Amino acid sequence: DERYNGPNLRNLLRQLESLRRVTQLWELDRKNIDFILYLRPDLSFLDDLNITTLFNLGATQFMTPYWGQYTGLNDRLVAGRPRTAIRFGNRLDLTWYYASNIQYLRSEAFLKWVMINHHRLRPVITNLRAQCIRATGLIAPNDICLR
């Protein structure tokens, strides 16, 4: 699909490399961590996070919002126990296999395949809403409906 070539693909690979590096920062100390939240820094949250939801996540569950799934899973906000969060943070390792054997790399569909199909993890869909704030200070057009 031509929409996912060029800058979109480069940005996705950069995002995945950044997540891999962040994961390496905490991975060795995971025995002292209850859960991990991966949040995009350009999000403005519209709802409070219910911390109980995080503590109730099982070893094979991860939290992701209902919005922004685009035939996959939302990758702007993911939370889970360390073992599950490592799968999210290190998914760069599976890009070549996915692109060669499944389909072109599209962030949301790739995340769904990694977490559910490949690792057999279970999503817990949350109602927590957030809007992406662009560098201009404006809300991303596809997030305006989340008010």
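Everything numeric in this text was worked out from a predicted model, so none of it was measured.

**So, the overall build of the protein chain**
So, step 1. When you go through the protein chain residue by residue, the secondary structure sums to five helices and six strands.
So, step 2. Taken over the C-alpha trace, the protein chain has a radius of gyration of 15 Å; the compact-globule value for 147 residues is 15 Å, and the two agree within 12%.
So, step 3. Principal-axis analysis of the C-alpha atoms places the extent of the protein chain at approximately 40 × 40 × 25 Å.
So, step 4. Residue burial in the protein chain is summarised as follows: out of 147 residues, 41% are buried.
So, step 5. Contacts in the protein chain between residues far apart in sequence, at least 24 positions, make up 67% of those at least 6 positions apart.
So, step 6. Total accessible area on the protein chain is roughly 8,600 Å²; 52% of this is exposed by carbon and sulfur atoms.
So, step 7. Taking the average location of the 20 positive side-chain charges in the protein chain and that of its 13 negative ones, the two points are 3 Å from each other.

**With respect to the side chain of T126**
So, step 1. Structurally, the position occupied by T126 is in strand β5 (residues 122–126).
So, step 2. We classify T126 as buried; its relative accessible area is 13%.
So, step 3. Other than its neighbours up to four places away in sequence, T126 contacts M63, T64, P65 and Y66.

**Considering the sheet that holds strand β4 (residues 77–80)**
So, step 1. Strand order across the open sheet formed by four strands is β1-β4-β3-β5, with mixed pairing between neighbours. Two strands in the sheet have a free side with no partner beyond their single neighbour: β1 (36–39) and β5. Each adjacent strand pair in this sheet contributes to an overall mean axis angle of 20°, direction not counted.
So, step 2. Direction of pairing for strand β3 (residues 61–65) relative to β5: parallel, over a ladder of five bridges. Counted as the bridge partner of M63 is V124 from β5.

**A word on the pattern of salt bridges**
So, step 1. All told, the structure shown has seven salt bridges when counted by the stated rule.
So, step 2. Among the ionic pairs, D42 bridges to R40, the shortest N-O distance being 2.6 Å.
So, step 3. Using a relative accessible area of 22% as the deciding quantity, one classes D42 as partly exposed.
So, step 4. The closest approach of N and O atoms between R106 and E108, which form a salt bridge, is 3.6 Å. In this pair, the class of R106 matches that of E108, namely buried.
So, step 5. Sharing partners across several salt bridges, the network here consists of E17, R20 and R21.

**What to know about helix α3 (residues 82–89)**
Count 3.6 residues to each turn of an α-helix, and residues three or four apart come out pointing the same way.
So, step 1. Counting buried residues along α3, six of its eight residues qualify, which places the element largely inside the surrounding structure.
So, step 2. Buried within α3 are the following residues: P82, T84, A85, I86, F88 and G89.

**Concerning the confidence of the model for the protein chain**
So, step 1. The predicted model of the protein chain averages 90 in pLDDT, with 97% of residues at 70 or higher.
So, step 2. Looking across the protein chain, the model is least confident in strand β6 (residues 130–132), with a mean pLDDT of 87, and most confident in helix α5 (residues 107–118), with 96.

Each value, and the rule that gives it
- Residues numbered from 1 in each chain as written.
- Predicted model: local features only at pLDDT ≥ 70, side-chain atom pairs only at ≥ 80, totals over all residues.
- Heavy atoms only, no water.
- Helix = DSSP H or I, 4+ residues; strand = E, 2+ residues; numbered from the N terminus.
- Rg over C-alpha atoms; globule rule 2.2 N^0.38 Å.
- Buried < 20%, exposed > 50% of the residue type's maximum accessible area, 1.4 Å probe, protein only.
- Contact = heavy atoms within 4.5 Å.
- Areas by Shrake-Rupley, 256 points an atom, 1.4 Å probe, with all protein chains shown as cover.
- Lys, Arg positive; Asp, Glu negative; His and termini not counted.
- Charge placed at Lys NZ, Arg CZ, Asp CG, Glu CD.
- Pairing = 2+ DSSP bridges.
- Axes fitted to C-alpha atoms, helices over the stretch in contact; angles between N-to-C directions.
- Salt bridge = Lys/Arg side-chain N within 4 Å of Asp/Glu carboxyl O.
- pLDDT = per-residue confidence, 0-100.

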